[in-house]
Amino acid sequence: MELEGACAHIRDVPQVRVAERRECEDCVRVGAAWVHLRTCQSCGGTRCCDSSPNQHASGHARAASHPVICSAEPGERWLYCFPDDEGVEY
Ligand SMILES: [Zn+2]
Ligand SMILES: [Zn+2]
Ligand SMILES: [Zn+2]
């Protein structure tokens, strides 16, 4: 994505991957609740945000070394890079 001020990880995202299902795949497995959803731009998996009890999106980003997520919330159009702690709207 050619986005002004974006880090190299975000610029490496060819096109934003949106959520296939609007649910956290890890919370669903264990019957947990989430607050907001984020979609991994490396593998397309959708997981819960850091305001959620289980913080699956950031846990996945660390464990899998997948740096960039997008918001999977309706009407929100932004990307966020974990290693650079930087967000940008698209
Ligand atoms: Zn980055
Ligand atoms: Zn979750
Ligand atoms: Zn991923």
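Residues numbered from 1 in each chain as written. Chains lettered and ligands numbered in written order. Predicted model: local features only at pLDDT ≥ 70, side-chain atom pairs only at ≥ 80, totals over all residues. Heavy atoms only, no water.

Q: Please set out the overall build of the protein chain residue by residue, giving values where relevant.
A: Scanning the protein chain for helices and strands turns up 3 helices and 5 strands. Secondary structure elements of the protein chain, listed N to C terminal, follow the sequence α-α-β-β-α-β-β-β. Against the compact-globule benchmark of 12 Å for 90 residues, the protein chain has a radius of gyration of 12 Å, which places it among compact chains. Across its three principal directions, the C-alpha atoms of the protein chain cover 40 × 25 × 20 Å. By sequence separation, contacts in the protein chain at least 24 residues apart represent 46% of the contacts at least 6 residues apart. Surface summary for the protein chain: the accessible area is close to 5300 Å², and the carbon and sulfur share equals 45%. Of the charged side chains in the protein chain, 9 are positive and 14 negative, and the gap between their average positions amounts to 7 Å. (Helix = DSSP H or I, 4+ residues; strand = E, 2+ residues; numbered from the N terminus. Rg over C-alpha atoms; globule rule 2.2 N^0.38 Å. Contact = heavy atoms within 4.5 Å. Areas by Shrake-Rupley, 256 points an atom, 1.4 Å probe, with all protein chains shown as cover. Lys, Arg positive; Asp, Glu negative; His and termini not counted. Charge placed at Lys NZ, Arg CZ, Asp CG, Glu CD.)

Q: Tell me about the pairing of strand β4 (residues 78-81), residues and numbers included.
A: Pairing between strand β3 (residues 68-71) and β4: 3 bridges, direction antiparallel. Looking at β4, one finds that V68 is bridged to C81. Hairpin connection between β3 and β4: a loop of 6 residues separates the two successive antiparallel strands, and G75 in this loop has a positive phi of roughly 85 degrees. Inspection of the sheet shows β4 paired to strand β5 (residues 86-89) by 4 bridges, in the antiparallel sense. Considered in β5, the bridge of C81 is made with E86. Hairpin connection of β4 to β5: 4 residues between the antiparallel strands, including D85 at a positive phi of 50 degrees. (Pairing = 2+ DSSP bridges.)

Q: How would you summarise the coordination of the zinc ion (ligand 2) if you had to cite specific residues and measurements?
A: Distances from the zinc ion (ligand 2) to its protein donors, namely C24 (SG), C27 (SG), C48 (SG) and H56 (ND1), fall within the range 2.0 to 2.3 Å. The sequence motif formed by the donor residues of the zinc ion (ligand 2) is C-x2-C-x20-C-x7-H. Within this pair, whereas C24 is found in the loop between α1 (8-11) and α2 (25-30), its partner C48 is found in strand β2 (residues 46-48), the two being separated by 24 residues in sequence. (Donors = N, O, S within 2.8 Å, 3.2 Å for Na, K, Ca; no water.)

Q: How would you summarise the coordination of the zinc ion (ligand 1) if you had to cite specific residues and measurements?
A: At 1.9 to 2.2 Å from the zinc ion (ligand 1) lie its protein donor atoms, namely C7 (SG), H9 (ND1), C81 (SG) and D84 (OD). Its 4 donor atoms give the zinc ion (ligand 1) angles of 95 to 126 degrees at the centre, a pattern that matches the tetrahedral case. Within one chain, the residues donating to the zinc ion (ligand 1) are spaced in sequence as C-x1-H-x71-C-x2-D. (Tetrahedral: all angles 85-135°; square planar, octahedral: opposite > 155°, others 65-115°.)

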